[in-house]
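# Summary of structural features
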Amino acid sequence: MSTTDNAIASAEAHSAHNYHPLPVVVATAEGAWMTDVEGRRHLDMLAGYSALNFGHGNRRLIDAARAQLERVTLTSRAFHHDRFADFCTRLAELCGMEMVLPMNTGAEAVETAVKTARKWGYRVKGVPDGMAKIIVAADNFHGRTTTVISFSTDPEARADFGPYTPGFEIVPYGDLTAMREAMTENTVAVLIEPIQGEAGVLVPPPGYLAGVRELTRERDVLFIADEIQSGLGRTGKTFACEHEGVVPDMYLLGKALGGGVVPVSAVVSSAAVLGVYRPGEHGSTFGGNPLACAVALEVIAMLNTGEYQQRATELGDHLHQELGLLVGGGAVRAVRGRGLWAGVDIEPALGTGREISERLMERRVLVKDTHGSTIRIAPPLVINKEDLDWGLDQLRAVLRG
Ligand SMILES: *Cc1c(COP(=O)(O)O)cnc(C)c1O
């Protein structure tokens, strides 16, 4: 058996099969490239679902992490530490908001948003106890906890995990009328992704996010934007909401916030909203730890240069132009997305998304399928044009068969 086969067999024997990874075993990585245990180089066109926006082994981020490793890594929130205030201040500034509640994973940020919106609903809006409702969109992806999968419409994510958490109303994504009709006096929040990633990089119709903003403002409802995957440069802006000139009441951040080094997530909002918390009401042992803050501070500084957003815009224009040429030629049905982020619907006759991903892997390009015959392309924002073009060449070769 090859080193690769051995490693995979061993992983299958001793880990739960809650994933179906491509048969590649990565040993090292740098920039947009990963080298496997047999020394083969693969172009990373997934970037850890945007967790690796700044590429593998980014010098600035590794140096920031290493320096912090030598100082202090964890205090718990029982004590203050000297990176915390800076992290919260800088992140709030980046978001144009006032307060930050740090957590670790994206799902925890979503959980925190749900708890925050409910508490705000009872304490500030005056919703009767136990009656708060949150409106979400069909085909959403917000994480894997029991509450979060309670409002998933994906049977795979949801089946056999009940009983489910009540208090959520599901409406079709992109449909303002349905959202308006679902709103009641007890609605405390709308929680949506400004672009739905897992659903296949679905960009809502023009005016939708602005419409949600207007509707939520009118009805005294919080607009929660889950920018865990879409935020922090991926779409060519710091936040995907900016494409419609929209500022939500709350940003949920994760993935790229930890620079591909450590898990860092956060809820960022106004003092009126995050000010509802009193000591003891919510928390996390690792949330806002010194190592996380040090890495995230470097991420924020990098985003403040605007360089990554610009790369995503320029390379993204190129990516979408090239992918657009494939549509209608018999191999590609549709392409969606913004910036360096694309969902590509392959003609089902050519194979499932998984099969296309496997064929791309044989050509040393790593992507991830989503439902049906859709693949997602989201390389690190540090990828250069030559490598991106090479990746696109491999896609064209796979589609030619
Ligand atoms: C990945 C993701 C999450 C969950 O993040 P985890 O860190 O995996 O818990 C939530 N929302 C969106 C939009 C995501 O892409």
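Quick summary incoming for the structure in this document.

Scoring rules and cut-offs
Residues numbered from 1 in each chain as written. Predicted model: local features only at pLDDT ≥ 70, side-chain atom pairs only at ≥ 80, totals over all residues. Heavy atoms only, no water. Helix = DSSP H or I, 4+ residues; strand = E, 2+ residues; numbered from the N terminus. Rg over C-alpha atoms; globule rule 2.2 N^0.38 Å. Buried < 20%, exposed > 50% of the residue type's maximum accessible area, 1.4 Å probe, protein only. Contact = heavy atoms within 4.5 Å. Areas by Shrake-Rupley, 256 points an atom, 1.4 Å probe, with all protein chains shown as cover. Lys, Arg positive; Asp, Glu negative; His and termini not counted. Charge placed at Lys NZ, Arg CZ, Asp CG, Glu CD. Near = heavy atom within 4 Å. Polar contact = N/O pair within 3.5 Å; in protein donor to acceptor, adjacent residues only side chain to side chain. Nonpolar A, V, L, I, M, F, W, Y, C, P; charged D, E, K, R; others polar. Axes fitted to C-alpha atoms, helices over the stretch in contact; angles between N-to-C directions. Parallel < 35°, antiparallel > 145°, perpendicular 65-115°, else oblique. Left-handed = near helix turned anticlockwise from the far one by under 90°. 1 Å grid on protein atoms, 1.4 Å probe; cavity = no way out; pocket = protein on both sides within 12 Å on 5 of 7 lines; lining within 4 Å. Points joined across faces, edges and corners; volume = space filled by probe spheres on them. Core = buried A, V, L, I, M, F, W, Y, C linked by side-chain atoms within 4.5 Å. Domains from an automatic or database assignment. Expected span 1.5 Å × (residues − 1).

A count of helices and strands for the protein gives 13 helices and 15 strands. Computed over C-alpha atoms, the radius of gyration of the protein comes to 21 Å, within 12% of the 21 Å expected from 2.2 N^0.38 for 401 residues, which places it in the range of a compact globule. Each principal axis of the C-alpha atoms in the protein carries an extent, and together these give about 60 × 55 × 45 Å. Split into buried and exposed, the 401 residues of the protein put 53% on the buried side. When contacts within the protein are restricted to residue pairs at least 6 apart in sequence, long-range pairs at least 24 apart make up 70% of them. Carbon and sulfur atoms form 51% of the exposed surface of the protein, whose accessible area is close to 17,500 Å². Of note, the protein has its 38 positive side-chain charges centred 2 Å away from the centre of its 49 negative side-chain charges.

Before going further, it helps to spend a moment on the site of the ligand. In the neighbourhood of the ligand, the contacting residues comprise Thr-105, Gly-106, Ala-107, Phe-141, His-142, Gly-143, Glu-193, Asp-226, Ile-228, Gln-229 and Lys-255. Ala-107 is positioned with one of its backbone polar atoms (N or O) 2.8 Å from an oxygen atom of the ligand. Measuring from an oxygen atom of the ligand, one finds a side-chain N or O atom of Gln-229 at 2.7 Å. Burial of the ligand by the surrounding chains reaches 81%, relative to a free accessible area of 380 Å². Across the shell around the ligand, the residue classes break down as three nonpolar, five polar and three charged.

Relative to each other, helix H2 (residues 59-69) and helix H10 (residues 290-304) sit at 150°, their axes nearing to 9 Å. Here H2 is positioned roughly antiparallel relative to H10, judged by the angle of their axes. Between H2 and H10 the crossing geometry is right-handed. Touching Arg-60, Leu-61, Ala-64, Ala-65, Gln-68 and Leu-69 of H2 are Pro-290, Leu-291, Ala-294, Val-295, Glu-298, Val-299, Ala-301 and Met-302, all from H10. Looking at the contact of H2 with H10 residue by residue, the class counts come to 11 nonpolar, one polar and two charged.

A few words on the layout of surface pockets. Put simply, the second largest pocket is a space of about 440 Å³. Arg-77, Val-100, Leu-101, Tyr-277 and His-282 are the residues nearest the centre of the second largest pocket, which is lined by 19 residues in total. Looking at the lining of the second largest pocket, the elements with two or more residues in it are helix H3 (84-95) and strand E4 (99-103). With four residues, E4 is the largest single contributor of residues to the lining of the second largest pocket. Grouping the amino acids of the lining of the second largest pocket by side-chain chemistry returns 10 nonpolar, five polar and four charged.

Further remarks concern the nonpolar core. One recurring pattern in soluble globular proteins is that nonpolar side chains are buried together. Ranked by internal contacts, the top residues of the largest apolar core, which has 80 residues, are Phe-87 and Leu-91. Per-element accounting of this core gives the leading share, 10 residues, to H10. Two domains each provide a minimum of three residues to this core, namely domain 1 (3-57 + 307-400) and domain 2 (71-304). Ignoring anything within four residues of it in the chain, the contact list for Leu-91 reads Val-100, Leu-253, Leu-257, Ala-266, Val-268 and Ile-300.

For helix H13 (residues 385-400), with 16 residues, the first-to-last C-alpha span of 22 Å sits near the 22 Å given by 1.5 Å per residue. Regarding H13, the residues found buried are Asp-387, Leu-388, Gly-391, Leu-392, Gln-394, Leu-395, Ala-397, Val-398 and Leu-399. At the N-terminal boundary of H13, the capping side chain belongs to Asn-384, with an oxygen 3.3 Å from the backbone nitrogen of Glu-386. Within two residues after H13, Gly-401 carries a phi angle of roughly 85°, on the positive side.

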